[in-house]
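# What the coordinates show
The residues making up each chain are set out below.
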Amino acid sequence: METKIIKVDNKITEDQLKDIKEVFDMGGLVVFPTETVYGLGADGLNSEALKKVYKAKNRPGDNPLILHIAEISQLEGIVENIGEDAKNMMEMFWPGPLTLIMNRTKDVPNEATAGLETVAVRMPEHKVARDILSYCNKPIAAPSANLSGKPSTTSFERVFEDLNGKVEIIVDGGKASVGIESTVVDTTVNPPLILRPGKITREDLEVIVPNIGIDESIISKDESIIPKSPGQKYKHYAPKAEAYCFVGNLDNVVKEINKRIAEQKNEKIAVLATDETIDGYEGAHFITSLGSRENLEEIASNLFEDLRKCDDEKVDMIYVEGFELRGLGVSIMNRLLKACSGRVVFGL
């Protein structure tokens, strides 16, 4: 398959929108940018199109998809019995990086929900994504536009690397600003439960839902989880190299990583440091900073791209610094725990 590239800045033309709509209407696949990561889009109500999403990503069939909409009115026909907490979260955080799990209607295909009686829905705030969703006027399923298991794609270049020749259109909209996937909240339970942390933190959500819970599997090693949300499977966001995360006093973290580098001189080692520590490392093949610890949004934005840079460098081992389990740090550590397949060194 020859993939068509559509490059846009903040404005997408009507001719480009027509091309995209035509692909969706024919049951094809279109990759488009959102504020979180790039999405691999298909008609969310077309079972055959959704099967193509799983095939293109090599995605397990028990991993549900997220339906993306442009307007609240597009919820009609796909969800029912919307609770007050869900309505309040929509009013506060939509459009934005928040996915809500709600009760599905019979019109939503099993391929969108992995057979569950619930469906995940998001209204992105990215201008190009909203223009596409509004013009197509249908729910679009759009998991992250990467091969399953690899770090999610936050730039056109990484999408092209993974999916060129597997989709009809890739929309190049530059770098995703948030850099990690949306927060996912199950609103079908009382109180609502955070299933996947993202930019919108538990503290943010507590303003609207003071008693909101958080699923223990977010920082768990349990691989037997039946996922109700994308990202709950344990091995996820994984680079090719074996990765380890180090948590504790920063000085001790730097010392421990340097010690391991010195002991493994025959290994190509990468270090994902921070601005505050990067000058303290020596001897590694590849050292880069995720950003400043004073700016966790920057860390989140850079995380997946820097993991992919480690793949580019063909390293044997990745050592990455951990973060406090507070606010956005929970979301970052959730991604790191999965990227490291549970290889975390605590208590330094």
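See the structure shown above.
Attention in this report is confined to the structure presented alongside it. This structure is a prediction, so every number in the text was calculated from the model and none was measured.

### Concerning the packing of helix α6 (residues 156-163) against helix α9 (residues 296-312)
At their nearest, the axes of α6 and α9 sit 12 Å apart, and the two run at 55 degrees to each other. With respect to α9, the element α6 is oriented oblique. In this structure, the crossing between α6 and α9 has a hand that is left-handed. Contacts between α6 and α9 involve Arg158, Glu161 and Asp162 from the first element and Glu305, Arg308, Lys309 and Asp312 from the second. Across the contact of α6 with α9, the residue classes tally to no nonpolar, no polar and 7 charged.

### With respect to the pattern of salt bridges
Under the counting rule described, the total for this entry stands at 23 salt bridges. For Arg293, the salt bridge identified is with Glu321, shortest N-O distance 2.9 Å. Of this pair, Arg293 sits in the loop between β15 (286-289) and α9 while Glu321 sits in strand β16 (residues 317-321), placing them 28 residues apart in sequence. The class of Arg293 is partly exposed, set by a relative accessible area of 21%. Among the ionic contacts, a cluster of salt bridges with common partners joins Lys150, Arg158, Glu161, Asp162, Glu305, Arg308 and Asp312.

### Quick look at helix α8 (residues 250-263)
Over its 14 residues, α8 runs 20 Å from end to end, which matches the ideal 20 Å to within 8%, given 1.5 Å per residue. Along α8, the residues that are buried comprise Val253, Val254, Glu256, Ile257, Asn258 and Ile261. Buried positions along α8 lie against β13 (242-246), β14 (269-273) and β16. Two or three places before Asp251, at the start of α8, stands the capping residue Asn249, its side-chain oxygen 3.0 Å from that residue's backbone nitrogen.

### Regarding the sheet that holds β15
Read from one edge to the other, the open sheet built from 5 strands follows the order β15-β14-β16-β13-β17, with strand pairing classed as parallel. Edge positions in the open sheet fall to β15 and β17 (344-345), since each of these has one partner strand only. With 5 bridges connecting them, β13 and β16 associate as parallel partners. When the bridges of β16 are listed, Glu242 appears paired with Met317.

Conventions and cut-offs
Residues numbered from 1 in each chain as written. Predicted model: local features only at pLDDT ≥ 70, side-chain atom pairs only at ≥ 80, totals over all residues. Heavy atoms only, no water. Axes fitted to C-alpha atoms, helices over the stretch in contact; angles between N-to-C directions. Helix = DSSP H or I, 4+ residues; strand = E, 2+ residues; numbered from the N terminus. Parallel < 35°, antiparallel > 145°, perpendicular 65-115°, else oblique. Left-handed = near helix turned anticlockwise from the far one by under 90°. Contact = heavy atoms within 4.5 Å. Nonpolar A, V, L, I, M, F, W, Y, C, P; charged D, E, K, R; others polar. Salt bridge = Lys/Arg side-chain N within 4 Å of Asp/Glu carboxyl O. Buried < 20%, exposed > 50% of the residue type's maximum accessible area, 1.4 Å probe, protein only. Expected span 1.5 Å × (residues − 1). Polar contact = N/O pair within 3.5 Å; in protein donor to acceptor, adjacent residues only side chain to side chain. Pairing = 2+ DSSP bridges.

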